[in-house]
Amino acid sequence: MSWRLICDDGVGAAFGLAADDYMAGAVGRGESDPLLRLYTYRDHCALAGRFQDVENEIHLDFCRGHGIAVNRRPTGGGTIFMGRNQLGVALCIPGKKEDTYGRAREVMGRFSEGIIRGLQSLGVRARFRRKNDIEVEGRKIAGLGIFRDSSGGLLFHSSILVDMDIALMLKVLNTPFEKISDKEIATVDQRITTVRRESGRALSTDQVRQAVATGYKEVFNTSLTEGYFSTRELERIALRQQEKYERPEWIYQTSRVKDAEGMCRIKTEKGLLEVRLTLAGRQIKALFIRGDFFASETAIADVEGHFRWHAAHKEKIEETLNQLYHKHNEALSSLPQQSLLQAIVQALSRARVVEKKLSLEPYGCFVSPGGNLHA
Amino acid sequence: MSRKEFLFPEELFYEKNSHMWIKKEDDDIIVTGIDAIGLDNLGDLAYITLRPAGTRVKKGESMGTLEAAKMTGDVFAPVSGTVVAVNEACVQNPGIVNDDTYGRGWLISIKADDWPGESVDFVSGEALKPWVEAEIKRLESQGFDA
């Protein structure tokens, strides 16, 4: 079957999200062929994950002062910072014949293959990292997310870093850093990477888009017919925009499960180790490691990446650390495994104390899903 | 490789596509949650929202959303009707669903509009064991590590 291809640039946050959301349903209902949309947002916007609290994740005052749009994606995961140098990927495919949850395990890896093939054709050694990242040597280059519409349509979302203004991103996103200095910027610069850095070329976003489109064509053995949304689709997208993505009830809704943070600082035989951890229910949402020990930043980034959306059970943490230390044996030799395990477990335990306290507080601003908000 | 064991209590009904379990109570009121295979595929749940009591829901359509380790998506109503109660404990601590989905991890109860008509497709009784076996085989063929 032939897929539709839509390439658009400089879209507003509400339109960009409404279009993906509406088209996932349209494809699920059989009203449209599968759609691959490769697009960029207008500089700049911060898009929170489906269940995040934007007030916790984004510096809203800074965004208001600098004309940075804030919105909420239908897909899960963390907040992303988008603009002309970040390529958005939205793949809408029908899922009606599939069972609801049965293939959740495989689809993320499978849908990311088009992006990986495209990036590899540009000389970028990209590969899928468990759950929801594409990485190059342990550094994240693209984030992934999946949303299943009630029609059965699947929306696969990705943001590919063609380039990134890290200093600006750190002003927009709430991070574990107490202050933002050159050191913090350099730290983040070691944790993520971009297509331009990895390819060694000043590639345009459009060149990356063409490579990704070709990657999907090859991996899924399909043809792509380039076009745009129909008039009827644009009308429906505008409606979705008004009823959902422009409404504060959608953007600023808060979750009943509060994020809880915990920190642990310990002195190891090789130096000081600091771990900061964010807990959401039973999941470790984020882990941040730093200290004055010597370890490869690439390996540390890989460790942090493996603990994004990781089960908060000691046994599973230990199991993941065993695998990571096996993989990065030399690179992590100055960071004792038992010390890191101890620091993570202690940070987790402190986050649980915070979580318990939060659960006793009222949730006055919770917006219950309902009406036309397509909860 | 050893096979995982999945618990499917025999006294319940199961919706085949959405992997929801359904318990029929008096006066056509049903209680529902996610079955063991559905849950295993989702992984640990991080967030759930559910339609509040009094809301009308339609069979096969969304009655809430969830974010799990692997994906975000809708929670599908197994029957049409009116929401009677929502398990607030699970909304505040979705991990309860992973711990005890057939007990404390129930999600929502609904006063069904047409239980006789809408329950005909549910799996129960003697059909349960072969269905679970077939589901596991199908998922294994897709790379599922059952």
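Fair warning: this is a prediction, and the values are worked out from it, not measured in the lab.

K.L.:
How do you make sense of the sheet that holds strand E3 (residues 29-34) of chain B when you look at a structure like this?
P.N.:
Strands belonging to one sheet form pairs held by backbone hydrogen bonds; the direction of such a pair is parallel or antiparallel. All names here are of chain B. Overall, antiparallel pairing links the 6 strands, which are arranged E1-E2-E3-E9-E8-E5 in an open sheet. Sheet topology places strand E1 (13-15) and strand E5 (56-57) at the edges, where each strand pairs with a single neighbour. Two elements, E3 and strand E9 (residues 108-112), share 4 bridges in a ladder whose sense is antiparallel. Bridge pairing in E9 places Ile29 opposite Lys111.

K.L.:
Any chance you could explain the pattern of salt bridges here in plain terms?
P.N.:
Here the idea is simple: oppositely charged side chains can pair when their charged atoms come close. All names here are of chain A. Per the stated rule, a full pass over the model turns up 28 salt bridges over all chains. When the shortest N-O distance is used, the salt bridge between Arg4 and Glu233 registers 2.8 Å. Here Glu233 lies in helix H10 (residues 231-245) and Arg4 lies in strand E1 (residues 3-11), a separation of 229 residues in the sequence. No difference in accessibility class separates Arg4 from Glu233, as the two residues are buried. The salt bridge partner of Arg209 is Asp206, with a shortest N-O separation of 3.0 Å. In this pair, Arg209 and Asp206 are both assigned in helix H9 (residues 205-219), 3 residues apart and thus about one turn of the helix distant. In this structure, a network of salt bridges that share partners links the residues Arg265, Glu274, Arg276 and Arg290.

K.L.:
Help me understand the sheet that holds strand E3 (residues 45-48) of chain A in this model?
P.N.:
All names here are of chain A. Pairing is mixed across the open sheet formed by 3 strands, whose spatial order is E4-E3-E5. Each edge of the open sheet carries a strand with a single partner, namely strand E4 (69-72) and strand E5 (80-82). With strand direction ignored, the average angle separating the axes of adjacent strands in the sheet is 25°. Both E3 and E4 contribute to a ladder of 4 bridges, which runs parallel. In the strand pairing of E4, Leu47 is matched with Asn71. Here helix H1 (residues 13-28) sits on the sheet and contacts E3 and E4; the angle it forms with E4, its principal contact strand, is near 25°.

K.L.:
Would you take a moment to explain the domain arrangement of chain A for this structure?
P.N.:
In many analyses, interface size is given as the accessible surface area lost on bringing the parts together. Residue and element names in this part refer to chain A. Once the domains are mapped, chain A shows domain 1 (3-251) and domain 2 (259-360). The gap between the C-alpha centroids of domain 1 and domain 2 is 27 Å. For the pair domain 1 and domain 2, the summed buried area comes to about 1,700 Å², and 42% of that belongs to carbon and sulfur atoms. Applying the counting criterion to the domain 1 and domain 2 interface returns 3 salt bridges. Between domain 1 and domain 2 we count 4 residue pairs in polar contact (both at pLDDT 80 or more) in total. Contributing elements (two or more residues each) for the side of domain 1 that touches domain 2: strand E7 (127-129), strand E8 (133-136), strand E9 (139-148) and helix H7 (182-191). Of the residues forming the side of domain 1 that touches domain 2, the biggest block, 4 residues, is contributed by H7. Grouping the amino acids of the side of domain 1 that touches domain 2 by side-chain chemistry returns 2 nonpolar, 7 polar and 13 charged.

K.L.:
What's the story with the packing of helix H5 (residues 113-121) of chain A against H9 of chain A in this structure? I'm lost.
P.N.:
Each pair of packed helices can be summarised by the angle the axes make with each other and by the distance between the axes. Residues and elements named next belong to chain A. At a minimum axis separation of 7 Å, H5 and H9 run at an interaxial angle of 125°. Considering their axes alone, H5 and H9 lie oblique with respect to each other. Here H5 runs over H9; the crossing is right-handed. Residues Glu113, Gly114, Ile115, Arg117, Gly118, Leu119 and Ser121 of H5 form the contact with H9, whose participating residues are Val208, Ala211, Val212, Gly215, Tyr216, Glu218 and Val219. Grouping the amino acids of the contact of H5 with H9 by side-chain chemistry returns 7 nonpolar, 4 polar and 3 charged.

K.L.:
Would you mind going over the packing of aromatic side chains with me for this structure?
P.N.:
Ring pairs (aromatic) are described by centroid distance and by the angle formed between their planes. Residue and element names in this part refer to chain A. Going through the model one piece at a time under the given rule, you end up with 16 aromatic pairs over all chains. Ring geometry for Phe111 and Phe220: centres 6.4 Å apart, planes at 45°, overall tilted. Taken together, the positions of Phe111 in helix H4 (residues 104-111) and Phe220 in the loop between H9 and strand E11 (224-227) put the pair 109 residues apart, joining distant regions of the chain. One aromatic cluster is present, built from ring pairs that chain together Trp3, Phe111, Phe156, Tyr216 and Phe220. The residue whose ring lies beneath Arg50 is Phe51, and the NZ or CZ to ring-centre distance is 4.4 Å. Between Lys244 and the ring centre of Trp250, over which it is positioned, the NZ or CZ distance is 4.4 Å.

Conventions adopted
- Residues numbered from 1 in each chain as written.
- Chains lettered and ligands numbered in written order.
- Predicted model: local features only at pLDDT ≥ 70, side-chain atom pairs only at ≥ 80, totals over all residues.
- Heavy atoms only, no water.
- Pairing = 2+ DSSP bridges.
- Helix = DSSP H or I, 4+ residues; strand = E, 2+ residues; numbered from the N terminus.
- Salt bridge = Lys/Arg side-chain N within 4 Å of Asp/Glu carboxyl O.
- Buried < 20%, exposed > 50% of the residue type's maximum accessible area, 1.4 Å probe, protein only.
- Axes fitted to C-alpha atoms, helices over the stretch in contact; angles between N-to-C directions.
- Contact = heavy atoms within 4.5 Å.
- Domains from an automatic or database assignment.
- Buried area = accessible area lost by both parts, 1.4 Å probe.
- Polar contact = N/O pair within 3.5 Å; in protein donor to acceptor, adjacent residues only side chain to side chain.
- Nonpolar A, V, L, I, M, F, W, Y, C, P; charged D, E, K, R; others polar.
- Parallel < 35°, antiparallel > 145°, perpendicular 65-115°, else oblique.
- Left-handed = near helix turned anticlockwise from the far one by under 90°.
- Phe/Tyr/Trp six-rings, centres within 6.5 Å; stacked < 30°, edge-to-face > 60°.
- Lys NZ or Arg CZ within 6 Å of the ring centre and 35° of its normal.

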